[in-house]
Amino acid sequence: MPASGGPRLMTAGKYLRPGDDRSFFMRGISYGPFKPNSRDEPFPEDARLSADLRHITALGFNTVRIYDLPTATLLREVAALGLRLIVGVPWMEHVDFLSDRALRCEIHTRITDAARQLRDHACVAAILVGNEIEKTLVRWMGPRRVRDFIESLIESARREAPRTLISYATYPSTEYLVPRNADFLAVNVYLEEREAFTACLSRLQNLAGNKPLIITEFGIDVNAHGEQRQAEVMRWQHDCLLRNGCAGGVWFAYTDEWHRGGSDVTGWSFGITDQERHERPACAVAPDLGDKLAPPPNPPRISVVVCTRNGDHTLPACLESLMAQNYPDYEVIVIDDGSRDATAELTRRFALVRYRHQEHAGLSVARNLGADLASGSIIAYTDDDCMAHPDWLLHLSHAFQEPGVVAAGGPNIPPPPRNRVERVVAAAPGAPAHVLLSDTEAEHLPGCNLAIRKDALSRIGGFRAEFTAAGDDVDVCWRLREQGLLRFVPGAMVWHHRRFTVKAYLNQQRGYGHAEALLMKAHPGRFGPLGGARWRGGIYGDRLPADRPVEGSIFHGPFGLGAFQTIYATPAFRWWEWLTGLLWIAVMLAAFFARQPWAGVAALGFAMWAAWRVSRHNANTAGLHETPDRLLLWMLCWVQPVVREWARLRGMVKLGARPSWKPVLPEIVPPELPHKHAIRLGTLAFWSETGVAREAWLDEMRRSLKTSHVIFRQDDGWRWFDIELWPNHELSRAFVTVTEYHGGGRCLTCVRLMLRVRRGLGWNVLLWFIVATILMAAGLQTVMLLGIAAVLAVAVLIPLGAWMIRREMRKLARDAAKAAGLSEMR
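Throughout what follows, the structure given in this document is the object of discussion.

1. Comments concerning the pattern of salt bridges
Under the defined criterion, the tally for this structure stands at 52 salt bridges. Close ionic contact of Arg194 with Asp239 constitutes a salt bridge, the shortest N to O distance being 2.5 Å. One end of the pair, Arg194, is in helix 6 (residues 194-208); the other, Asp239, is in helix 8 (residues 227-243), and 45 residues separate them in sequence. Taking relative accessible area as the criterion, Asp239 reaches 24% and is therefore assigned partly exposed. For Asp629, the salt bridge identified is with Arg423, shortest N-O distance 3.2 Å. In this pair, Asp629 is assigned in helix 20 (residues 627-655) and Arg423 in helix 14 (residues 420-427), connecting sequence segments 206 residues apart.

Below you can see the structure in the form of structure tokens.
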């Protein structure tokens, strides 16, 4: 296939752009899959294909999603019409591919070949390396292992097609499958009610983080809801995509002609045309759907306030972005806090900008001066090192249509780095981040992207003057919450430069530490005994909820059958984080004073290991693969907690700030994680030619256990097992099942046998060894030998017991399968 030219589609924060500064809203529609044509290609004949694509273009769509690799004819037609393609690479997503090494290699080969084939075609906007892996199958294989495999597919595709966007299409039943290396979050969503659809988009935006969100399938069945309802839903769903800051969406589907699994699908009618291409009312709606968000009714006047001090190297770009806002009624005010550079001269180049100079008094005083000068009812604050998206004020204005909202803000995203240090600093901990109580309500919004009602700011007395460099936004948000709601607006994004040098980054962290001492003085109840802030909500930025899909963090629904499965943020603190900050320095100094240098070296080693754990996660998320970058990030993760905590401690001493011994409790309680580890004892496979699946096996197992008076519990929706026997014992037995559907009523049901061991049991064994070592050092050999003998007895009894439990469980599983009419596969 000859290569096609044209601008490449690329990401720009939460949005897309076609290789220049223009924004691109993806208005897509799905096409296929179809019955093979006369050349055995999974598309219609050439004449029909050409007519369909011309019709799609006439309806105002700019992107087509296909589910097979495109033919030369399709690529040629798409390029000629100026359309773009989202190409899904098909493979066997309905089976346990992780248990078959040959199948995994085949999938990687297919992805690699497809990416190599499509890499020279600019009309290919994105490649999807997979689509909707079935929810119970993901639970069976393990969400983290599945995500890791998807990420490996994305890397394979990116090596072959580095200029093409790559992602994976998930769906609400597996919302936790968010590849960290994907270029955008792709989700298929089918919801017929506006409120539910809007809430789902807000949820998905937080899972997407700083990346674009594209709804890669949404639509409605005409057979169930009618043609007029389809047209109505198309209109308001498109409006929801724009309001919620999505980068685009793909309507499902263009036509009712749909072929899958070797046969035509006739029970559903999602097309805006029928199989003969007769138009439905939705075709009259589609051309009128724009790609720009409209202002709200009676848009409020917004005063944008930029506070600066010696920021002439970034201020021009900031003001240029503010001059390009797509908003009908706003002003820009620059408050110069005693700058000694060319800030005044640069500001005069912008005729519409109001400039005011003040003697150096600090950030809060400058913000208050900007509020006094503002003529708008909304004051939007941003920093001199930020660049606002053209629709920034538009999205903020829509948030204030709700009367109870007193403040609103969106994400601040680092722009493409200009040097290696900036790239690494952008991945280092401690960047400004929003704190959310829900998908839309915030507890804290960073001051670089913060809009406040002027009257609400006046009621709380404005910003406090003692916050001269940082912390002012945290303080004002905590006080504003007493006045009303703080709304998070994912579409209201600004680019925010991170620090350009290591020195500037550490100075910033030092300032944040001092600001935390000031906050502790003003709000002691919001700080714990060791000085750490206690947030009611979840902190977004360094880590997202989907980063850690572990048992107990995902609500699957009983037996993994929930239609909308949600991942919750687990406790962000890890035990090894105690080893960062000032603690390891204190331990090291104490060890040297006690003449125990080995303890000091151990503390240093543990601190470096803890910093490595943090840096490894951040490097993988940010795509830092080169060794110098990873080493620099490791160093920053090691030094940053020390610098910040030392500044906070000095500030506490200087200000007399003391944390509360009874800090406020969080409003969001993280889910309780299981207290047991699971050890796999094997898997049994059972076949059915008549459609008998896991439900029949589970029914027979429950009946058998009840008959035998065995105590058991079933999955409550949070666990990675279906049935657990003797759940209160230190060692319990558990079964988890999955069914693969192979067409024609043929089913393969797999049953995994697991031994669940209470976490404390392993610690008890370790404690025995430690005690035995201490007794040996004390010369109590007899007692020590008894302890070692007990440990060895446990070490022998556990494998023996596991072998006996495995034999018992295999018998239970086979008896249940036989009663259900399943045949075991040897």
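So much for the structure itself; the text now carries on.
2. Describing unusual backbone geometry
The phi torsion of most residues other than glycine is negative, and most of the peptide bonds are trans. The residue after Gly32, namely Pro33, is reached through a cis peptide bond having omega -5°. Looking at where Pro33 falls in the secondary structure, it is placed in the loop between strand 3 (26-31) and helix 1 (46-58). Of the consecutive residues Phe252 and Ala253, the connecting peptide bond is found in the cis state with omega at 15°. Along the chain, Ala253 falls in the loop between strand 10 (248-251) and strand 11 (259-260). With a phi angle near 50°, Asn298 is a residue other than glycine that sits in the positive phi range. With respect to the secondary-structure elements, Asn298 resides in the loop between helix 9 (282-285) and strand 13 (302-308). A positive phi angle, near 60°, is found at His709, a position not held by glycine. On the secondary structure map, His709 appears in the loop between helix 21 (694-707) and strand 29 (712-714).

3. Remarks on the sheet that holds strand 19 (residues 412-413)
Taken together, three strands build an open sheet; the order of strands is 17-24-19 and the sheet is mixed. Here the strands that pair on one side only, and so sit at the sheet edges, are strand 17 (386-388) and strand 19. Inspection of the sheet shows strand 17 paired to strand 24 (residues 494-496) by three bridges, in the antiparallel sense. Residue pairing for strand 24: Ala388 is matched across the bridge by Val494.

4. Digging into the side chain of Arg733
Structurally, the position occupied by Arg733 is in strand 31 (residues 731-741). At 3.4 Å, the side chain of Arg733 forms a polar contact with the side chain of Glu808. The contacts of Arg733, once residues within four sequence positions are left out, are Ile723, Glu724, Leu725, Trp726, Met754, Ile805, Glu808 and Met809.

5. Observations concerning empty space enclosed by the protein
Space left empty within the atom packing is revealed by a probe, the size of a water molecule, rolled over the atoms. In total, this model carries three cavities of 30 Å³ or more according to the counting rule given. Approximately 90 Å³ is the volume attributed to the largest cavity. Residue lining of the largest cavity: Phe25, Met26, Arg27, Gly28, Phe61, Phe218, Met234, His238, Leu241, Gly249, Trp251 and Leu289, and that is the complete set. Elements with a contribution of two residues or more to the lining of the largest cavity: strand 3, helix 8 and strand 10. In the lining of the largest cavity, the residues fall into eight nonpolar, three polar and one charged.

6. Regarding the nonpolar core
Ile133, Ile272 and Trp392 are the most contacted members of the largest nonpolar core, which totals 121 residues. With seven residues, helix 8 is the single largest residue contributor to this core. When residues no more than four places from it in sequence are discounted, the contact partners of Trp392 are Val304, Leu322, Gln325, Ala380, Tyr381, Thr382, Asn449, Ala492, Met493 and Val494. Leu363, Ile379, Ala407 and Phe463 belong to the second-largest nonpolar core, a separate cluster that totals 28 residues.

7. As for the sheet that holds strand 33 (residues 823-825)
With antiparallel pairing, the six strands of this open sheet are ordered in space as 29-30-31-32-28-33. What marks the edges here is a single partner per strand, and that holds for strand 29 and strand 33. On average, adjacent strands in this sheet sit at an angle of 30° to one another, irrespective of strand direction. In the sheet, strand 29 pairs with strand 30 (residues 723-725) via three bridges, with the strands oriented antiparallel. Bridge assignment links Gln714 to a residue of strand 30, and that residue is Ile723.

8. Here we look at helix 12 (residues 363-373)
Buried residues dominate helix 12, accounting for eight of its eleven residues. On the buried face of helix 12, the contacting elements are strand 13, strand 14 (330-337), strand 15 (353-358), strand 16 (378-383), helix 15 (454-459) and helix 16 (472-480).

9. Focus: the environment of Ala685
Looking at the secondary structure, you find Ala685 in strand 28 (residues 676-688). On a C-alpha basis, the gap between Ala685 and Ala813 in space is 10.0 Å, while along the polypeptide they are 128 residues apart. Apart from the residues lying within four places of it in its own chain, the contact partners of Ala685 are Leu748, Thr749, Cys750, Ser823, Glu824 and Met825.

10. Quick look at the packing of helix 3 (residues 101-118) against helix 5 (residues 143-160)
Helix-helix packing: each pair is described by the crossing angle between the helix axes and the interaxial distance. Interhelical geometry of helix 3 versus helix 5 gives an angle of 35° and a closest axis separation of 8 Å. Pair helix 3 / helix 5 crosses with right-handed handedness. Across the interface between the two elements, Arg104, Ile107, His108, Ile111, Thr112, Ala115 and Arg116 from helix 3 touch Phe149, Ser152, Leu153, Ser156, Ala157 and Glu160 from helix 5. Split by residue class, the contact of helix 3 with helix 5 holds six nonpolar, four polar and three charged.

How each quantity is defined
Residues numbered from 1 in each chain as written. Predicted model: local features only at pLDDT ≥ 70, side-chain atom pairs only at ≥ 80, totals over all residues. Heavy atoms only, no water. Salt bridge = Lys/Arg side-chain N within 4 Å of Asp/Glu carboxyl O. Helix = DSSP H or I, 4+ residues; strand = E, 2+ residues; numbered from the N terminus. Buried < 20%, exposed > 50% of the residue type's maximum accessible area, 1.4 Å probe, protein only. Pairing = 2+ DSSP bridges. Polar contact = N/O pair within 3.5 Å; in protein donor to acceptor, adjacent residues only side chain to side chain. Contact = heavy atoms within 4.5 Å. 1 Å grid on protein atoms, 1.4 Å probe; cavity = no way out; pocket = protein on both sides within 12 Å on 5 of 7 lines; lining within 4 Å. Points joined across faces, edges and corners; volume = space filled by probe spheres on them. Nonpolar A, V, L, I, M, F, W, Y, C, P; charged D, E, K, R; others polar. Core = buried A, V, L, I, M, F, W, Y, C linked by side-chain atoms within 4.5 Å. Axes fitted to C-alpha atoms, helices over the stretch in contact; angles between N-to-C directions. Left-handed = near helix turned anticlockwise from the far one by under 90°.

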